[in-house]
Amino acid sequence: MSVHKSDLKKVTTHQLQNMKERGEKISMLTAYDYSMATILDAAGVDVLLVGDSASNVMAGHETTLPITLDQMIYHASSVIRGVNRAFVVVDLPFGSYQGNSSEALRSTIRIMKESGAHGVKLEGGAEIKESIIRILSAGVPVMGHLGLTPQSIYKFGTYTVRAKEEVEAQKLIDDALLLQALGCFAIVLEKIPSELAKRVAEKLEIPIIGIGAGPHVDGQVLVVHDMLGINKEFKPRFLRRYADMHSIMTDAVQNYVKDVKSKDFPNDKEAY
Ligand code: KIV
């Protein structure tokens, strides 16, 4: 599906809420740069997430922890320049909001002012309540993130499915209800059992966006490099690959190298 500029109506938190109410699923993908954002936005993706997964897929780090606030702002401002329609959410990176609520607000204001983004996402529940209140009080839309929260990887120890046991599942439900009561406009649930995600999506009025959380939520999010098959090694069960860009790009680049070596490129028509 491609969207003509004249048909463009910018996505808002209000529209996302309406989509939940009328049962229209929300599409969300990560984006980190201008060119990719242009493609995703024109293809009709509702929400673009400038995820701290940029730390993995753009910078090659093992975890999301090393990416800095300045680097997130660089990625976010590049994405914003490519977007006409989508709602753009930016992850507050590790270390930019956990200290206290003033630090969380300062980091958020830098993101909003310096990138032009439309909202922020934070990982966690009750433990970051004060920060969420402070950010919301400045008029910035906040998306929550519960379940597998990659910024806490060294606490969990693994990237396996979260909240399989009742105690953790109940804490997740309580946190989701709290995030809604505080005023978050949506919540990402990452890598939790499908039945638990269904319970949360049915209980809450705000949109629930899943990644590895099954089909019974209000929308889906994937890391764009994973769904396009740019990354070969990452193969979790929840991932559907829509293209094999790794092979397509490798073939194209190998052909280019061959043509340069054989002096086939450039030909007369490709020269001045
Ligand atoms: O950073 C990211 O890509 C995310 C998604 C996995 C939801 O937070």
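Residues numbered from 1 in each chain as written. Predicted model: local features only at pLDDT ≥ 70, side-chain atom pairs only at ≥ 80, totals over all residues. Heavy atoms only, no water.

## Side note on the sheet that holds strand β5 (residues 142–147)
Our working rule: What makes two strands pair is DSSP finding at least two bridges between them. Counting from the N terminus, the helices are DSSP H or I runs at least four residues long and the strands are E runs at least two residues long. Note on geometry: axes are lines fitted to C-alpha atoms, helical ones only across the stretch in contact, with angles between N-to-C directions running from 0 to 180 degrees.
Strand order in the closed barrel formed by 8 strands is β1-β2-β3-β4-β5-β6-β7-β8, with parallel pairing between adjacent strands. Adjacent strand axes in the sheet meet at a mean angle of 25° when their direction is disregarded.

## Here we look at the packing of helix α8 (residues 166–182) against helix α9 (residues 194–203)
Rules: For classification, angles of less than 35 degrees are called roughly parallel, those exceeding 145 degrees roughly antiparallel, those between 65 and 115 degrees roughly perpendicular, and all remaining angles oblique. By definition, any crossing whose near helix is turned counterclockwise from its far helix by less than a right angle is left-handed, and any crossing with a clockwise turn is right-handed. The criterion used for residue contact is that any of the two residues' heavy atoms lie within 4.5 Å. Here the term charged refers only to Asp, Glu, Lys and Arg, the term nonpolar to Ala, Val, Leu, Ile, Met, Phe, Trp, Tyr, Cys and Pro, and the term polar to all other amino acids, Gly among them.
Running from N to C, α8 and α9 point in directions that differ by 25°, and their axes come no closer than 11 Å. Between α8 and α9, the interaxial angle falls into the category roughly parallel. Considering only the axes of α8 and α9, their crossing is right-handed. Contact residues: α8 offers E166, A169, Q170, L172, I173, A176 and L177, while α9 offers L196, R199, V200 and K203. Broken down by class, the residue content of the contact of α8 with α9 amounts to 7 nonpolar, 1 polar and 3 charged.

## With respect to the site of the ligand
Worth spelling out the cut-off: Proximity is defined per residue: if any heavy atom of the residue lies within 4 Å of a molecule or strand, that residue is considered near it. Definition of a polar contact: a pair of N or O atoms within 3.5 Å, with one able to donate and the other able to accept a hydrogen when the atoms are protein atoms, and with sequence-neighbouring residues admitted only if both atoms are side-chain atoms.
If you check the shell around the ligand, you find T30, L49, G51, D52, S53, D91, K121, H145, V188, E190, I211 and V223 and nothing else. Note that an oxygen atom of the ligand is positioned 2.5 Å from one of the side-chain N or O atoms of S53. Within the side chain of K121, one N or O atom sits 2.9 Å away from an oxygen atom of the ligand. Taken together, the residues of the shell around the ligand break down into 4 nonpolar, 4 polar and 4 charged.

## Considerations on the packing of aromatic side chains
Test applied: Aromatic pairing here means that ring centres of Phe, Tyr or Trp (its six-membered ring) are within 6.5 Å. Orientation follows from the plane angle: under 30 degrees is stacked, over 60 is edge-to-face, and everything else is tilted. Residue exposure (1.4 Å probe, protein chains only): buried if accessible area is under 20% of the type maximum, exposed if over 50%, otherwise partly exposed.
In total, this model carries 2 aromatic pairs according to the counting rule given. The interplanar angle of 70° and the centroid separation of 5.4 Å between the aromatic rings of F87 and F185 together place this pair among those described as edge-to-face. Of this pair, F87 sits in strand β3 (residues 87–91) while F185 sits in the loop between α8 and β6 (186–190), and the two are 98 residues apart along the sequence. Pair check on accessibility: F87 and F185 agree, each one buried.

## Notes on the nonpolar core
The criterion, for reference: Only buried Ala, Val, Leu, Ile, Met, Phe, Trp, Tyr and Cys residues count toward a nonpolar core, and they belong to the same one when joined by side-chain atoms within 4.5 Å.
L48, L122, I187, L189 and V200 are the most contacted members of the largest nonpolar core, which totals 58 residues. The greatest single-element share of this core, amounting to 6 residues, is contributed by helix α4 (residues 69–81). Once residues within four sequence positions are removed from consideration, L122 is found in contact with L92, Y97, I128, S131, I132, I135, V142, M143, G144 and H145. In this structure, F87, F185, V188 and I211 belong to the second largest nonpolar core, which totals 16 residues.

## Here's the deal with the domain arrangement of the protein
How big an interface is tends to be stated in terms of accessible area lost as the parts join. Keep this limit in mind: Each domain's extent is set by a domain assignment, obtained either automatically or from a database. Here the buried area means the combined drop in accessible surface, using a 1.4 Å probe, for two parts upon being joined, counting both sides. We define a salt bridge as a side-chain nitrogen of Lys or Arg found within 4 Å of a carboxyl oxygen belonging to Asp or Glu.
For the protein, the assigned domains are domain 1 (13–241) and domain 2 (244–272). The C-alpha centroid of domain 2 is placed 38 Å from the C-alpha centroid of domain 1. Contacts between the two partners involve 4 residues from domain 1, matched on the other side by 4 residues from domain 2. Contact between domain 1 and domain 2 buries roughly 380 Å² in total, counting both sides, with carbon and sulfur atoms accounting for 57%. Considering only the side of domain 1, the residues that lose the most area to domain 2 are L228, I230 and K232, jointly responsible for 82% of the buried surface there. Applying the counting criterion to the domain 1 and domain 2 interface returns 1 salt bridge.

## A few points about the pairing of β5
Defined as follows: When the strands point away from the viewer, a crossover counts as right-handed if the route from the first strand across the helix to the second turns clockwise.
The element β5 is largely enclosed, with a buried count of 6 among its 6 residues. Direction of pairing for strand β4 (residues 119–123) relative to β5: parallel, over a ladder of 4 bridges. For E123, the partnering residue across the bridge sits in β5 and is H145. Between the parallel pair β4 and β5, the chain is carried across by helix α6 (residues 129–137), and the sense of this crossover is right-handed.

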